Amino acid sequence: MVAQGFTVDLNKPLVFQVGHLGEDYQEWIHQPIVSKEGPRFFASDFWEFLTCTVWWAIPVIWLPVVCYCIFTSAKMGHTTTDILLMLGLGIFVWTLMEYTLHRFVFHIKTKSYWANTAHYLIHGCHHKHPMDGLRLVFPPAATAVLLFPLWNFVKLLATPSTTPAIFGGGLLGYVMYDVTHYYVHHGQPTNDVVRSLKKYHLNHHFRIQDMGFGITSSLWDKVFGTLPPLKTA
């Protein structure tokens, strides 16, 4: 289904076009179009709606779940200190997941029709249109599906009373990640730390796309040797 010399028509729904690019797909997505107006994905209004998410939906939907998880572990007898330690563990594990997913799943090299199509939906669209504010955070419906195996994985490794708080910490880490990701694209930070995060991430988009995979920090880039070199004059 890959078409030689195929050209994407940006005025038509993109999802079922990009697969035809074949080996040219990787080069195409790393030539960003900087516009706050995102492209059309699907001809169907229903499927198009499911691809769009306002940033504030993430904390509104998932922070109550985090609170419920904390309350559940607390009700089982854990102290405030216990809860904070478990939340910290969950957040720490999330940072590694954030790095791993971004590096090995979101930046997987594809060239077949369906692999290109799937990759575009997962992450390629973000690199092609990095300022599309409605496709920057992860759709809650997709997140909900992924949370079930993650809950069962934590449940397998932890005790019944610690599972909720550790899982809640991981979910809190995810919320922090998605909100931070949105802000480094669309915010105008005055704080030096956040300004540095913004510069670090935009460097990943516009300069060295195969390094700098951390969003909330550069910790794991330092650990695994994917820290981008400093720009020299």
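Residues numbered from 1 in each chain as written. Predicted model: local features only at pLDDT ≥ 70, side-chain atom pairs only at ≥ 80, totals over all residues. Heavy atoms only, no water.

(A) Quick peek at the overall build of the chain. If you tally the helices and strands in the chain, you get 10 helices and zero strands. Ordering the α and β elements of the chain from the N terminus gives α-α-α-α-α-α-α-α-α-α. Every one of the 233 residues in the chain was classed for burial, and the buried ones make up 44%. In the chain, of all internal contacts separated by at least 6 residues, the share reaching a separation of at least 24 is 68%. Split by element, the accessible area of the chain, about 12900 Å² in all, is 69% carbon and sulfur. Between the mean site of the 16 positive side-chain charges and the mean site of the 14 negative ones, the chain shows a separation of 4 Å. (Helix = DSSP H or I, 4+ residues; strand = E, 2+ residues; numbered from the N terminus. Buried < 20%, exposed > 50% of the residue type's maximum accessible area, 1.4 Å probe, protein only. Contact = heavy atoms within 4.5 Å. Areas by Shrake-Rupley, 256 points an atom, 1.4 Å probe, with all protein chains shown as cover. Lys, Arg positive; Asp, Glu negative; His and termini not counted. Charge placed at Lys NZ, Arg CZ, Asp CG, Glu CD.)

(B) Geometry of the packing of helix α5 (residues 80-105) against helix α8 (residues 163-186). Put simply, α5 and α8 touch, their axes get as near as 7 Å, and they point 50 degrees apart. In terms of axis orientation, α5 runs oblique to α8. Here α5 and α8 pass one another in a crossing that is right-handed. On α8, the residues touching I83, M86, L87, L89, G90, I91, W94 and E98 of α5 are A165, I166, G168, G169, G170, L172, G173, Y174, M176 and Y177. Of the residues contributing to the contact of α5 with α8, the split by class is 12 nonpolar, five polar and one charged. (Axes fitted to C-alpha atoms, helices over the stretch in contact; angles between N-to-C directions. Parallel < 35°, antiparallel > 145°, perpendicular 65-115°, else oblique. Left-handed = near helix turned anticlockwise from the far one by under 90°. Nonpolar A, V, L, I, M, F, W, Y, C, P; charged D, E, K, R; others polar.)

(C) Examining the side chain of S73 more closely. Note on placement: S73 falls in helix α4 (residues 57-75). By relative accessible area, S73 is classed as buried at 0%. Within polar-contact distance, the side chain of S73 engages the backbone oxygen of S161 at 2.6 Å. Setting aside its immediate chain neighbours within four residues, S73 contacts H78, I83, S161, T162, P164 and A165. (Polar contact = N/O pair within 3.5 Å; in protein donor to acceptor, adjacent residues only side chain to side chain.)

(D) How the structure looks around the packing of α4 against helix α7 (residues 140-157). Look at α4 against α7: their axes get within 11 Å of each other, and the N-to-C directions meet at 30 degrees. Classified by the angle between their axes, α4 and α7 sit roughly parallel to one another. The handedness of the crossing between α4 and α7 is right-handed. Contact residues: α4 offers I58, I61 and W62, while α7 offers P140, T143, A144 and L147.

(E) Region of the structure containing a nonpolar patch on the surface. Taken together, the side chains of L89, F92, V93, L96, L219, V223 and F224 make up a nonpolar region of the molecular surface, amounting to roughly 590 Å² of accessible area. For the nonpolar patch, the secondary structure elements donating two or more residues are α5 and α10 (219-224). Here F92 is to be found in helix α5. According to the relative accessible area criterion, F92 is partly exposed, its value standing at 44%. (Patch = residues over 30% accessible without salt bridge, like charges linked within 9 Å, V, L, I, M, F, W, Y side chains within 5 Å. Salt bridge = Lys/Arg side-chain N within 4 Å of Asp/Glu carboxyl O.)

(F) Main features of the packing of aromatic side chains. For the structure on display, the rule yields 14 aromatic pairs. Seen in terms of ring centroids, F41 and Y120 are 5.4 Å apart; in terms of plane orientation they differ by 45 degrees. Their pairing is tilted. You can see F41 sitting in the loop between α2 (25-29) and α3 (45-50) and its partner Y120 sitting in helix α6 (residues 113-128), a full 79 residues away along the chain. Comparing F41 with Y120 shows no difference in burial state: the two are buried. Ring geometry for Y99 and F224: centres 5.5 Å apart, planes at 25 degrees, overall stacked. (Phe/Tyr/Trp six-rings, centres within 6.5 Å; stacked < 30°, edge-to-face > 60°.)

(G) Region of interest: the environment of T95. With respect to the element layout, T95 can be found in helix α5. According to the relative accessible area criterion, T95 is buried, its value standing at 15%. Placed 75 residues apart in sequence, T95 and G170 show a C-alpha to C-alpha distance of 8.6 Å. Non-local contacts of T95, meaning those with residues more than four positions away in its chain, are made with T216 and W220.

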